[in-house]
Structures are given as C-alpha cells and as structure tokens.
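Observations on the model geometry
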Amino acid sequence: MGKTDVLISEVGPRDGLQNTKAFMPTEYKKRWISAAAAAGLTEIEVCSFVPPKLIPQMVDAAEVVAHAKTIPGLTVAALAPNYKGAQRAMEAGVHKLTLTISVSKSHSLANVRMTPDEAIASAKKICDFRDSLPPEQRPKIESGLSTVFGCTIEGVVSEDEVVRLAIASAEAGCDEVGLADTTGYANPEQIRRVFKKVRAAIGEKLGGAHLHNTRGLGLANVVAALEVGVRTFDSSLAGLGGCPFAPGASGNIVTEDLVFMLEAMGLRTGIDLERLLAIRELLAEGIPGELLYGYVPLAGVPKGFVPASGR
Ligand code: COA
Ligand code: ZN
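For the structure given in this document, a descriptive report is provided here.

Definitions and cut-offs
Sequence order as written defines the numbering, with residues in each chain counted from 1. Note on labels: chains are lettered from A, ligands numbered from 1, in written order. Restriction of local features to residues with pLDDT of at least 70 applies here, the model being predicted, together with a cutoff of 80 or more for giving and counting side-chain atom pairs; totals for whole chains, interfaces and linings are based on all residues. Note: side-chain values were computed over all heavy atoms of the structure, leaving out hydrogens and water. Structural elements are reduced to axes, namely lines fitted to C-alpha atoms, with helices fitted over the stretch in contact, and the angle between N-to-C directions of any two is expressed from 0 to 180 degrees. Comment: elements are numbered from the N terminus, with helices defined as DSSP H or I runs of at least four residues and strands as E runs of at least two. Crossing handedness is read from the near helix: turned anticlockwise from the far helix by less than a right angle, it gives a left-handed crossing, and turned clockwise, a right-handed one. Contacts were defined at the residue level, with two residues in contact if any of their heavy atoms lie within 4.5 Å. Residues were grouped as follows: Ala, Val, Leu, Ile, Met, Phe, Trp, Tyr, Cys and Pro as nonpolar; Asp, Glu, Lys and Arg as charged; and all remaining residues, including Gly, as polar. A pair of strands is treated as paired once DSSP finds two or more bridges between them. Think of the donor list as every N, O and S atom within 2.8 Å of the metal, or within 3.2 Å for Na, K and Ca; water never makes the list, so a site can look incomplete. Remark: exposure states derive from per-residue accessible area (1.4 Å probe, protein chains only) relative to the maximum for the residue type, with buried under 20%, exposed over 50%, and partly exposed in between. One heavy atom within 4 Å of a molecule or strand makes the whole residue count as near it. For the purposes of these results, a polar contact is taken to be a pair of N or O atoms within 3.5 Å, where, inside protein, one atom must be able to donate a hydrogen and its partner to accept one; residues adjacent in sequence count only when each atom of the pair is a side-chain atom. To be clear on the numbers: accessible area is Shrake-Rupley with a 1.4 Å probe, and residue cover counts the displayed protein chains and nothing else. Residue types Ala, Val, Leu, Ile, Met, Phe, Trp, Tyr and Cys, when buried and joined through side-chain atoms within 4.5 Å, form a set referred to as a nonpolar core. Only the six-membered ring of Trp is used, alongside the rings of Phe and Tyr, when aromatic pairs are assigned; centres must lie within 6.5 Å, and planes under 30 degrees apart are stacked while those over 60 apart are edge-to-face, with the rest tilted. Working rule: Lys NZ or Arg CZ, within 6 Å of ring centre, within 35 degrees of ring normal, means a charge sits over the ring.

1. What about the packing of helix α2 (residues 26-38) against helix α3 (residues 61-68)?
Where α2 meets α3, the axes come as close as 10 Å, and the angle between the chain directions of the two elements is 30 degrees. Of the two possible hands of crossing, α2 and α3 adopt the one that is right-handed. Counting all contacts with α2, which are made through Thr26, Lys29, Lys30, Ile33 and Ser34, the residues of α3 involved are Glu63, Val64, His67 and Ala68. Across the contact of α2 with α3, the residue classes break down as 3 nonpolar, 3 polar and 3 charged.

2. As for the sheet that holds strand β4 (residues 96-102)
The sheet built from 8 strands closes into a barrel, its strands ordered β1-β2-β3-β4-β5-β6-β7-β8 with parallel pairing. Taken over all neighbouring pairs, the strand axes of this sheet differ in orientation by 25 degrees on average, direction set aside. Along the sheet, α3 makes contact with β2 (43-48) and β3 (75-80), crossing β2 at roughly 160 degrees. Sitting on the sheet, helix α6 (residues 116-131) is in contact with β4 and β5 (140-146), with an inclination near 165 degrees to β4.

3. What to know about the coordination of the zinc ion (ligand 2)
Here the zinc ion (ligand 2) is held by Asp15 (OD), His210 (NE2) and His212 (NE2), and the distances to it run 1.9 to 2.2 Å. Every donor residue of the zinc ion (ligand 2) comes from the same chain, spaced as D-x194-H-x1-H. Here Asp15 is found in helix α1 (residues 12-16), whereas its partner His210 is found in strand β7 (residues 206-211), with 195 residues between them in sequence. For the residue pair Asp15 and His210, the accessibility class agrees, reading buried in each case.

4. Structural notes on the environment of Glu159
Its place among the elements puts Glu159 in helix α7 (residues 159-172). Taking relative accessible area as the criterion, Glu159 reaches 17% and is therefore assigned buried. In the structure, Glu159 is positioned 114 residues away from Glu45 in sequence and 27 Å away in space, judged by C-alpha atoms. Excluding residues within four positions of it along the chain, Glu159 makes contact with Gln190, Arg193, Val194 and Lys197.

5. Considering unusual backbone geometry
Of note, Arg113 is a non-glycine position whose phi angle comes to about 60 degrees, a positive value. Mapped onto the fold, Arg113 is located in the loop between α5 (105-112) and α6. For Arg113, a relative accessible area of 62% puts it in the exposed group. The backbone of Thr147 shows a phi angle near 50 degrees, a positive value even though the residue is not glycine. Note on placement: Thr147 falls in the loop between β5 and α7.

6. Details of the site of ligand 1
Inspection of the region around ligand 1 gives 17 residues, with Asn82, Lys84, Arg88, Asn111 and Arg113 positioned closest. Between ligand 1 and Gly85, the relevant distance is 3.2 Å, taken from a nitrogen atom to a main-chain nitrogen or oxygen of the residue. The backbone of Asn111 places a nitrogen or oxygen atom 2.8 Å from a nitrogen atom of ligand 1. Considering ligand 1 on its own, with 940 Å² of exposed area, one finds that the protein chains cover 66% of that surface.

7. Some thoughts on the nonpolar core
Trp32, Leu97, Leu145 and Leu179 are the most contacted members of the largest nonpolar core, which has 91 residues in total. Considering every element that reaches this core, the biggest residue donor is α7, with 7 residues. Those residues within four positions of Leu97 in sequence are excluded, and the remaining contacts are Ala78, Leu79, Ala80, Ala86, Ala89, Met90, Ile126, Pro139, Lys140, Ile141 and Glu142.

8. With respect to the packing of aromatic side chains
Scanning the model with the defined rule gives 3 aromatic pairs in all. Taken together, a centroid distance of 6.1 Å and an interplanar angle of 75 degrees make the contact between Tyr83 and Phe129 edge-to-face. Of this pair, Tyr83 sits in helix α4 (residues 83-92) while Phe129 sits in helix α6, and the two are 46 residues apart along the sequence. With a relative accessible area of 24%, Phe129 lands in the partly exposed category. Considering the side-chain rings of Phe260 and Phe305, the 5.0 Å spacing of their centres and the 55 degrees angle between planes classify their relative orientation as tilted. Here the residue Phe260 occupies a position in helix α10 (residues 255-264), and Phe305 occupies one in the segment after α13 (296-299), the gap between them amounting to 45 residues. On the accessibility criterion, Phe305 (23% relative accessible area) is partly exposed. The ring of Tyr28 has Arg31 sitting right over it, with the charged end atom 5.0 Å from the ring centre. Positioned above the aromatic ring of Tyr83, the side-chain terminus of Lys125 is 4.1 Å from the ring centre.

This is the structure we're talking about:
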C-alpha cells in the first residue's frame, strides 16, 4: 500500500457491537475484520476486554484478537476499562490498547465505577505492567479520554479538566491521548479549541479524534480537527456505535462517508471505497435488524469521482 495522509482506525467491531442488540456470531466478526483489512484499513479496534456478564457481545474477545493477528500488516487494537481487562488484552497479544478515561466524573462512575483520578491511577498500574513485559510484547497504550466535549449526565465538561487528565495520562505512561466526543456534543469551534489546548499541554502525545455523529456534526468536526493538525480518526462501518453507559449516545461517524470525504478532499486514506461499501452486506446478515447509517452508501459516489489514493 502507498503513502497515506490520514489514518482511519475502524472501531465498529468494538464501539459498534458493544451497543447492538443482536449478538454477531464470531465467524462474522472475523470475516468483517478480514474484509476491512482487505479494503485497506490498517488499524482496527476489534473488541473490548470487559466482563462478558456486562457486555455479552465481547465474550469471544480473545478469539477475535487471535484471528485479527493473523492478518499481515494490521494493527490490532482493543479497549480495556480496567486492569483486569488490560491484562487479558496483553495476554491476547494486542498491538494497541486503548484505556477509557472519562473526564466527566458521573460518566466515569457509571461506565467504569472509578473516578477519573482512580482511572488515571489504574492507567499507571497498567503502563507499569506493560513496561515489565519483554519489549516485543508491549502494546502501545492510548488514553482514550471520553466525554471530552460534553456529558449526557453532567452537561458541560471543563476544558481545564480535559487538559489536566491529558497531562496525567501522559505522566502515567500512556503513549498517546485521544479525545472522544462520546456523546456527540462537540461543534467544530470547540474541536479546534480543545485539540489546540491539549496539544499545547502534551505536544506530540496528542492522538486522534473519536467522534460520534449524534447531532449530525461528525464530519464537520473532522474538518475542524484536520485544520488543527489531527491526522487520526476513529470511525465505524455503517456508523454503528454508542456507549451503553452514556444515555442517548448514538453512532460513530460513518467510515464509508469519512473515506469519501477525505479522498474527495485529496487526502489519501489507502482505503478502497467500493470494497468498503461491500462489507455492509455482511453486517446486514450478521446483525439483522440493526440500523445501518451512511449517506454515500445510499447515494453512491458521484460521477467522475477520483479518490486521492488512486490518483
Ligand atoms: N474482564 C473480565 N472480567 C472482569 C473484568 C474484565 N475487564 N473486570 C472485572 N471482571 C470481573 C472480576 O474478576 C469480578 O469477577 P468475580 O465476580 O467472578 O470475582 C467481576 O468482574 C466484578 O469485578 P469488579 O472489579 O468489581 O468490576 P465491577 O463490577 O466494578 O465493573 C468494570 C467494573 C470496569 C469491569 C465495568 O464497569 C466495565 O466493564 N465497564 C466498561 C463498560 C464499557 O465497556 N463501556 C463502553 C466503553 S466506553
Ligand atoms: Zn465511541
């Protein structure tokens, strides 16, 4: 694959499936991940290591990681909410581990039963454990700051608190800090402001944007983030997604629409849009009845469209 300008990290198998009613059979998850990689996605968050009692969809996490690891060149990412989940993820051999650290105290307590500061302490313990492993077994660790732009329980979230927790994450040993609009509250101006503030505080450790399209501002927020230098975006095939512990939170930005927009803007993603669109059939079969989002899948690509990756 050639050079790319933007990294798209597909989070559908994690953020999408944690919120679907039907259980997607393990074979479908594996086929989805393989098809996404074949379409050109180089990083996929394939699952989360959570108690299956709480999120039954993730009962096959280790098996899904084992399959994803057989795909050459794929960065296999997973999410963990706590130390036990992080240990399971490292045992399974993930390449990248995202820890969820909520800036809103109420969401943090609802989601992981820890305050934000307790979650930072847990991140430090996880990073210390990681550093005790042989170098080839150490995953890259991302602090995924969530509810950064607003919380369905608390409303406004303090930007100073975002910056404080970003610095604390870096000090705890996290390699990068991503900012998530878990609830779809962000607007483009806010995106520019908060990303700039966090970059001023932690520099190159600032990671990507994880945006939800709850209020239809997802792609506008991507453009705003691009303007302030963000080059990594999480998105989900068919816009599946949402946090089960953030009432009213809905889908991620749609990978198909994101790829179309970036490629049309001249930014190479390395992803083949036609092959990506074809994966929706697999979703329709694997989680029947689930609403599949996206504009480009409905309207098709415009006549004469030449993707940047193919130019
Ligand atoms: N994976 C598997 N089992 C786990 C686990 C994990 N990550 N974390 C805890 N457990 C087990 C414990 O071993 C214990 O088992 P036991 O009852 O057999 O002894 C049980 O679950 C309860 O453990 P405890 O530490 O008390 O956890 P909890 O009930 O306070 O739950 C979390 C805390 C973090 C595990 C839970 O709130 C959680 O999974 N939250 C994440 C939710 C999520 O995925 N949100 C969406 C992502 S943004
Ligand atoms: Zn999310």
